[in-house]
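Coordinate analysis (summary)
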Amino acid sequence: MKTLLSILSFLPVVLFAQIQSPKDFLGYGLGEKFSRHHQVVDYYKHVSTNSEKVTLQQYGMTYENRPLLLAYVSSQKNLENLENIRLDNLKRAGIVEGTPSTNIPIIWLSYNVHGNESSSTEASMATIYELIRDGSDKNDWLEKAVIVIDPCINPDGRDRYVNFFWQNGSQPYNPDPNALEHNEPWPGGRANHYLFDLNRDWAWQTQIESQSRIKVYNQWLPQIHVDFHEQGINSPYYFAPAAQPYHELLTQFQRDFQEEIGRNHAKYFDENNWFYFTKQFFDLLYPSYGDTYPSYNGAIGMTYEQAGHGRAGLGIIKQEGDSLTLKDRIAHHYTTGLSTIEIAVDNSDRLLNQFGRFFGDNTSLKYKTFVLKYDGNMDKFRALKSWLDDQGIEYGSATGRGVKGYDYKTGRETSFSISSNDLVINMNQPKATLAQILMEPQTKLVDSVTYDITAWGVPYAYGIQAYASQQMITVKESNPKAFNPAVRPNKAYAFVSKWSSMDDARFLATLLKADIKVRFSQKPMTNKGQFFDRGSLIIAKRDNKAVSDFESTIIELSNKHKRSLSVIQTGFMDAGPDIGSSEVRYLKRPKIALLGGNGTSSLAFGATWHFMEQELEYPVTILGTDYFSRVNLSDYGVVIMQSGWYGSFGEREMKKLMDWVSAGGKLIAVDGALNKLKDTDYSSLSAHVNDAAKKAAEKEDTERDEKARLVAFENQEREFIKGFSPGAIYKVKMDKTHPLAFGYGDLYYTLKTGSRRVAYLDGNNVGIVVAKEDLLSGFAGQYAKEDMAESLVFGVENKGRGQIVHIVDNPLFRSFWQNGKLLMVNAMFFVGQ
């Protein structure tokens with residue numbers, strides 16, 4: 001196989017006057033400069049316009065209005081038959097009925113999911129040109145396969161990085177690692193507009209880029225998917241086979257073919273004396289990666305990692321004194337991309353045969369049916385069904401008694417019944433493997449040293465009581481209940497809206513933005529047989545005298561949000577507090593600020609920013625940590641301090657923040673931000689409930705350290721993880737009478753992504769882990785499990801006239817923990833009112 005550099009140097013332009021090389025089109029050789037997204041788009045439009053071997057599709061737009069593209073590369077004959085090839089592939093998977101009439105594999109290459117891992121988009125242009133140029137020995141491949149190229153999954157992040165380099169890079173480039181061009185400022189270019197890691201979003205699809213891409217991906221379901229990445233500047237190239245742990249449901253063929261692909265890559269890397277490694281670090285477990293999600297959808301899913309990342313720029317000196325250039329990085333990705341296509345084409349019959357078998361044999365799955373018990377929260381189940389639809393996972397309804405299954409709540413086998421409103425997912429469907437992995441209550445680990453979280457069970461994430469049964473239960477199609485718009489009542493003393501979902505929260509946000517005054521009940525109420533639980537919203541006519549045609553206005557807003565309101569004609573309740581009671585609190589519209597910038601976790605900040613703007617749809621002001629000392633905090637009622645280390649927050653900044661709290665402000669401190677408060681004079685928060693407990697813990701830590709000193713070097717990593725919890729699900733006991741817990745019952749499932757321990761507060765312990773046995777799913781080290789017993793998860797500390805809301809486990813982590821989002825709304829709107 002020719003190297004990229006030889007192709008760029010020796011191919012005469014005159015032979016390819018119609019289809020220009022990237023160098024001729026862009027005006028510079030690949031690797032000499034960074035290409036901005038609009039230039040990449042223009043080049044793909046050029047090859048699509050001038051080649052019968054390329055069809056271009058715009059499949060979406062980013063939050064910053066950059067186009068998302070797919071290039072379908074194949075022979076003219078195949079492109080003219082593209083829709084039949086696509087449908088044949090879905091027939092092979094059993095998603096479309098019928099027998100395939102074509103035998104064309106689909107090979108999907110995804111570039112630049114992380115914006116500052118910038119070489120792969122450049123490599124994509126070299127790759128497509130080599131595939132389609134006249135005289136290329138790769139043209140024959142196009143008769144035998146369809147290659148789908150996504151040149152840039154994350155244009156917003158990539159342009160953030162590329163613009164940084166153009167603005168700060170020396171000319172010529174400076175290879176000194178200390179140069180500014182090799183040191184990105186916060187937040188860096190890795191993530192998308194809302195600072196989400198799109199490579200953790202494949203299954204959850206919280207971001208517009210993921211939603212747009214997976215919709216198309218599931219219309220194709222390729223046999224091969226490659227996700228091109230970059231890593232630290234001193235690392236050799238990584239390619240398949242992946243590291244352990246593999247998920248147990250990956251087939252033997254998927255494992256073996258990764259080995260074959262890796263050996264094919266090694267052949268070309270050996271010819272060029274390039275370093276590489278395999279079978280380390282990058283495992284196949286967590287289901288939301290660009291290698292695992294395709295794998296669980298029948299593909300050979302792989303990650304390729306080139307040295308570079310956001311530090312390498314156009315060139316940098318590595319630790320051994322050698323240089324790493326952008327041209328080098330492009331050449332490596334170019335080589336593995338073409339090598340992947342080569343071996344896939346050479347083994348197309350095997351790939352297609354095994355792909356069909358992946359979807360056709362579900363007998364080995366442990367659980368045959370998952371039953372999610374309907375709890376009356378229609379909004380929650382509607383959201384879950386919408387997400388299942390996006391995955392292509394089938395569901396329905398059933399009835400039955402005496403069914404045996406694993407109880408997600410207790411962790412034990414039990415008997416249960418199925419009612420007609422329950423959501424039932426059986427494994428007699430094409431997407432059975434994906435459904436099993438996403439729903440499973442416990443993931444089997446062959447190695448506890450893993451790259452990411454080890455628990456994600458969807459019933460836990462949605463807060464739904466569920467059972468996993470080894471019995472195959474027949475389901476029938478369920479018909480969703482349609483929303484019936486309300487009509488204007490002649491008069492209303494007040495309207496009452498329930499409080500149990502993010503749909504209710506968005507309705508509240510809309511009311512407040514429209515200057516509608518709202519109250520909420522701190523205790524249950526009953527009126528004419530209607531029960532209103534804690535947190536119910538009361539929209540009273542008396543409060544809204546300034547609203548013209550009060551009844552019509554509220555009904556219009558409620559219908560827009562598909563909220564069914566109760567109309568009451570009196571403030572006198574049959575049970576519980578009356579509307580005028582002090583237990584029915586007026587909700588003052590809060591002005592909310594979010595800290596961001598240096599010292600904050602860009603991912604945690606971004607998840608909150610996205611939550612406020614795209615999910616809650618409520619205004620938030622971002623305050624930069626670098627100018628925080630100049631901000632007048634009295635303008636704000638709530639400040640969110642998301643996870644971070646807050647290195648620039650010294651005594652002056654913390655005192656300012658605490659004085660604001662004491663004067664009536666509300667600070668919501670999440671995850672890592674608690675380290676600025678724990679064991680300080682700013683808060684009563686501590687890792688230990690008293691001095692005796694602290695001394696006992698210090699003694700235990702000393703004993704653990706003594707044991708660790710004698711551990712062999714090769715076992716030190718495993719010794720370390722005894723105190724680590726890389727994403728495990730715990731059962732949390734909730735005080736449902738506290739405003740922070742309104743809308744919840746007495747049980748919550750939390751996802752712990754670290755081993756931070758916080759002791760109980762003196763009061764207002766809203767959510768707690770009681771015992772180490774409350775670990776329900778995922779891996780937690782021996783010491784981590786012991787430390788989590790009798791620890792705080794959520795709590796409220798009163799300080800002067802204000803409050804500090806302590807949130808140990810971030811409920812907005814990657815935005816997929818759906819059941820935690822209402823808790824953040826409670827913290828912002830209900831606590832302290």
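Residues numbered from 1 in each chain as written. Predicted model: local features only at pLDDT ≥ 70, side-chain atom pairs only at ≥ 80, totals over all residues. Heavy atoms only, no water.

**Re the packing of aromatic side chains**
To describe a pair of aromatic rings, you give the distance between the ring centres and the angle between the ring planes. Heads up, the rule is: Two rings from Phe, Tyr or Trp (for Trp, the six-membered ring) form a pair when their centres are within 6.5 Å of each other. A pair whose planes differ by under 30 degrees is stacked, one over 60 is edge-to-face, and the rest are tilted. A run of H or I in DSSP becomes a helix once it reaches four residues, and a run of E becomes a strand once it reaches two; helices and strands are each numbered from the N terminus. Throughout this description, buried means an accessible area under 20% of the type-specific maximum (1.4 Å probe, protein chains only), exposed means over 50%, and partly exposed covers the range between. Our definition puts a charge over a ring when NZ of Lys or CZ of Arg is within 6 Å of the ring centre and also within 35 degrees of the ring normal.
Inspection of every chain in the model, using the stated rule, returns 49 aromatic pairs. With centroids separated by 4.8 Å and ring planes inclined at 75 degrees, the aromatic side chains of tyrosine 460 and tyrosine 749 adopt a geometry described as edge-to-face. Here tyrosine 460 is found in helix α16 (residues 458–462), whereas its partner tyrosine 749 is found in strand β30 (residues 747–752), with 289 residues between them in sequence. Note on accessibility: tyrosine 460 and tyrosine 749 belong to one class, buried. Positioned above the aromatic ring of tryptophan 202, the side-chain terminus of arginine 213 is 4.3 Å from the ring centre. In this arrangement the basic side chain of lysine 656 is found over the ring face of phenylalanine 628, its NZ or CZ atom lying 5.2 Å from the centre.

**Examining the pairing of strand β28 (residues 666–670)**
We apply this condition: Think of it this way: DSSP has to see at least two bridges between two strands before they count as a pair.
By the criterion of burial, β28 is predominantly enclosed, with five of the five residues buried. Judged by which residues are buried, β28 turns out to be covered on both faces: Lys666, Ile668 and Val670 on one side and Leu667 and Ala669 on the other are all buried. Sheet topology places strand β27 (residues 638–641) next to β28; four bridges connect them, and they run parallel. In the sheet register, isoleucine 640 faces β28, and the bridge partner there is isoleucine 668.

**Focus: the sheet that holds strand β17 (residues 466–469)**
To keep it simple, the criterion reads: The convention used is that axes are lines fitted to C-alpha atoms, helices contributing only their stretch in contact, and that angles between N-to-C directions extend from 0 to 180 degrees. By the convention used here, residues are in contact when the closest approach between their heavy atoms is within 4.5 Å.
Read across the open sheet, the five strands follow the order β15-β14-β17-β13-β16; overall the sheet is antiparallel. Strand pairing shows two members of the sheet lacking a second neighbour, β15 (413–418) and β16 (423–426), which therefore form its edges. Between one strand axis and the next, the sheet turns by 40 degrees as a mean value, whatever way the strands run. Across the sheet, helix α14 (residues 378–391) is in contact with β13 (369–372) and β16; its angle to β16 comes to roughly 25 degrees.

**Remarks on the pattern of salt bridges**
Rules: Any carboxyl oxygen of Asp or Glu within 4 Å of a side-chain nitrogen of Lys or Arg constitutes a salt bridge here.
A complete count under the given rule lists 37 salt bridges for this structure. Salt-bridge contacts for arginine 329 lead to glutamate 230; the nearest nitrogen and oxygen are separated by 2.7 Å. With a gap of 99 residues between them, arginine 329 in helix α12 (residues 326–346) and glutamate 230 in strand β5 (residues 224–231) connect regions that are remote in the sequence. For the pair arginine 329 and glutamate 230, one class covers both residues: buried. The shortest N-O distance in the salt bridge between lysine 498 and aspartate 379 comes to 2.9 Å. Taken together, the residues span a long stretch of sequence, with lysine 498 in the loop between β18 (494–497) and α17 (502–513) and aspartate 379 in helix α14 at a distance of 119 residues. By relative accessible area, which is 39% here, lysine 498 ends up partly exposed. Judged by its relative accessible area of 5%, aspartate 379 falls in the buried class.

**Focus on helix α8 (residues 155–168)**
Think of an α-helix as turning once every 3.6 residues; residues three or four places apart then point the same way. For clarity, the threshold we go by: The span expected for a helix works out to 1.5 Å for each residue beyond the first.
Helix length check: α8 (14 residues) gives 20 Å between terminal C-alpha atoms against 20 Å at 1.5 Å per residue, within 8%. Turning to α8, its buried residues are Pro155, Asp156, Gly157, Arg158, Asp159, Tyr161, Val162, Phe164 and Phe165. The elements touched by buried residues of α8 are α3 (37–50), β2 (67–73), α6 (119–132) and α9 (208–217).

**Details of the packing of helix α10 (residues 252–271) against helix α13 (residues 348–360)**
Filter applied, for reference: In this scheme, roughly parallel covers angles under 35 degrees and roughly antiparallel covers those over 145, while 65 to 115 is roughly perpendicular and the rest are oblique. For any helix crossing, the convention is left-handed if the near helix is rotated counterclockwise from the far helix by under a right angle, and right-handed if that rotation is clockwise. Any residue outside Ala, Val, Leu, Ile, Met, Phe, Trp, Tyr, Cys, Pro, Asp, Glu, Lys and Arg is labelled polar, Gly included; the first ten of those are nonpolar and the last four are charged.
Interhelical geometry of α10 versus α13 gives an angle of 155 degrees and a closest axis separation of 11 Å. Our classification of the angle between α10 and α13 gives roughly antiparallel. Taken as a pair, α10 and α13 cross one another with a handedness that is left-handed. Taking contact as the criterion, the partners of Phe253, Gln254, Phe257 and Glu260 in α10 are, on α13, Arg350, Leu351, Gln354 and Phe358. Of the residues contributing to the contact of α10 with α13, the split by class is four nonpolar, two polar and two charged.

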